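Structure assessment
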Amino acid sequence: MDFKRKIILVSFLLLVLSLFMHATASGQGEDLTLEAEQNWDTYGVGGTCVYGTHNIFVADVDGDGSIEIVTGGFTYNNSNGSRTTSEAPLKVWSWNGQNITLKASTNWIGTIICLYAADLDADSVPEIITAGSSRNETGNSTSSLRIWQMTKGELTLKANRDGTSVNSIFVSDADNDGISEIITVGRARTNNLTISQLCLWNFEDKALTLDKSVSLAASNVTSANSVFATDLDNDNDQEIAIGGYSDNLNNSKGQLSIWLCNGQTFTLKSTQTWQLSTGSAKTIAGGTQGNTAVNNVKAADLDGDGYNEIVTGGFAFDGEKVNAQVKVWRWDGDALTEKASQEWATDYLTEAKCIALNDVDGDGKTEIVQSGITAAKDSFKNSEAIHDRGQLRVWGWNATALTLKQSKDWTFDNGACAWNVASGDIDKDGVVEIITVGCTALGNLCDPDMRVWSLPNANAFPSYLTYAVAAVLLAAGFSMIYLLIAKKRIPTRL
């Protein structure tokens, strides 16, 4: 083969290589990758369920520079065919890119409904806040709000307050006094009536005190399921968004309300309720599912316009099926406006349980990561029905519409539900991981199936493109040499 033909062949091969590398780079990130799974020590011999929609949190809770995964729930063992007393399993996990490791754990008789982590006392190490129940020495169960700190692999109880029911926790300087407060929503018993309430707590000198509270009856809140606080309209005040439902469960309406704390009292600024259709749905176990509800509320700047959007996730009955529902809202200081709504039903019941907001694919935009369940009718008590499946979806928002970017359904053993989802770069590899956890079914036992997922980071693409561009330039260089040879008849041999 003469020199000119070699140049043409090499140029062609380099051009093909560059195109292949560019296509490879562009095709990255199309699928969610399951990096790891973790069961609890009760798997096969007892049961654990990380239920609720606020029972996972990712943060550096021991000050070692790495992000840990914190989980709650309830756990029990089987002894001679009967369950032992339910305990609250507070666990702290780490992921190094290869293995999930249990770094710390503590149990007490009771449950953990929700948890959160934040630095409450400005010592640069976050405290872990848990809410649920505990049983005292006399055997009576009571609601319990607890503050923990993790040092040297040990979890230490720093404060405890009994008697207040909590469904969701958030930490923010809600009253603009320069100090972060604990914000909770839950239920309280007053005059033989159970009412939803919003509370603001202070943690100081190892004491947990109730600063102020307000009944949510003013906005007709039946159940306050989720709370989030941030500056929504750029007025330097922290608005408090509460998601849940109004009216009776069998005619429930999805609900989002906005509150403001002026330092002394809470003020209701706006409230919105909605339904797709009348009527009430049944759960997969045959109980009352309700009509519409918000399970989880979060807020972040999704479209880069400098304002935080509110995102709600839950379910809505359409008259035949239970649809998962994700909505995007905007609060401008005067009005609460729905910007978009997405409903879908991949089986009889599909429900969005939890939401995390983060850039999980490295494209510089914040995605909506949503976990939940999809299941056949009566599948909870019908072993021949399609297994309950955990569901994970990643949504994009372009300021006008929601776009489904990723979707994954899965089952484990006899069924799965992804009650909770969180996100963060937990192994310091530059890629934000997605962590789901909830419960799975194995016969009459229940156990978590914590999963670590990832999407290839878009920031990694330029390295591939650099090679591709270099290959194109090299091919172009050889082509130019050939043209010079052909035009000027440069000698090919010295």
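The structure we're discussing is the one just above.
Below or above, wherever it landed, is the structure these notes cover. What you see is a predicted model, and the numbers here were worked out from it, not measured in a lab.

A closer look at the overall build of the chain
Regarding its fold elements, the chain presents two helices and 33 strands. A total of 494 residues make up the chain; the buried ones form 52% of that total. Pairs at least 24 residues apart make up 52% of the contacts formed inside the chain by residues separated by at least 6 positions. Surface summary for the chain: the accessible area is close to 21,900 Å², and the carbon and sulfur share equals 50%.

Some points on unusual backbone geometry
Despite not being glycine, Asn176 shows a phi value in the positive range, around 55°. With respect to the helices, strands and loops of the structure, Asn176 is situated in the loop between strand E12 (168-172) and strand E13 (181-190).

A look at the sheet that holds strand E14 (residues 193-204)
Here four strands make up an open sheet; going across it, the order is E12-E13-E14-E15 and the pairing antiparallel. Two strands close off the open sheet at either side, each with one partner strand: E12 and strand E15 (207-215). Adjacent strand axes in the sheet meet at a mean angle of 35° when their direction is disregarded. As judged from the nine bridges shared by E13 and E14, these two strands associate in the antiparallel manner. Paired with Arg189 across the two strands is Thr194, which belongs to E14.

Examining the nonpolar core
Residues Leu198 and Ile240 are the most contacted members of the largest nonpolar core, which totals 63 residues. The element best represented in this core is strand E8 (residues 100-118), accounting for eight residues. Those residues in contact with Ile240 that lie beyond four places of it in its chain are Ala174, Ile183, Leu198, Val227, Phe228, Ala229, Ser257, Ile258, Trp259 and Phe266. Residues Cys49, Ala281, Ile284 and Cys417 belong to the second largest nonpolar core, which totals 17 residues.

Some words on the sheet that holds strand E17 (residues 239-246)
Strand order in the open sheet formed by four strands is E16-E17-E18-E19, with antiparallel pairing between adjacent strands. Sheet topology places strand E16 (221-230) and strand E19 (266-274) at the edges, where each strand pairs with a single neighbour. Ignoring strand direction, the axes of neighbouring strands in this sheet form an average angle of 20°. Bridge count for E16 against E17 is eight bridges, and the pairing is antiparallel. Bridge pairing links Val221 to Ser246 in E17.

As for the side chain of Ser168
Mapping Ser168 onto the fold places it in strand E12. At 3.4 Å, the side chain of Ser168 and the side chain of His54 are in polar contact. Excluding its chain neighbours within four sequence positions, the residues that come into contact with Ser168 are His54, Cys114, Ile183, Thr184, Val185, Asn225, Ser226 and Val227.

Describing the pairing of strand E22 (residues 292-300)
When you tally the buried positions in E22, you get nine out of nine residues, the bulk of the element. As defined by bridge partners, E22 adjoins strand E23 (residues 309-317) across eight bridges and the pair is classed as antiparallel. Across the sheet, Val294 pairs through a bridge with Gly314, a residue of E23.

The rules behind the values
- Residues numbered from 1 in each chain as written.
- Predicted model: local features only at pLDDT ≥ 70, side-chain atom pairs only at ≥ 80, totals over all residues.
- Heavy atoms only, no water.
- Helix = DSSP H or I, 4+ residues; strand = E, 2+ residues; numbered from the N terminus.
- Buried < 20%, exposed > 50% of the residue type's maximum accessible area, 1.4 Å probe, protein only.
- Contact = heavy atoms within 4.5 Å.
- Areas by Shrake-Rupley, 256 points an atom, 1.4 Å probe, with all protein chains shown as cover.
- Pairing = 2+ DSSP bridges.
- Axes fitted to C-alpha atoms, helices over the stretch in contact; angles between N-to-C directions.
- Core = buried A, V, L, I, M, F, W, Y, C linked by side-chain atoms within 4.5 Å.
- Polar contact = N/O pair within 3.5 Å; in protein donor to acceptor, adjacent residues only side chain to side chain.

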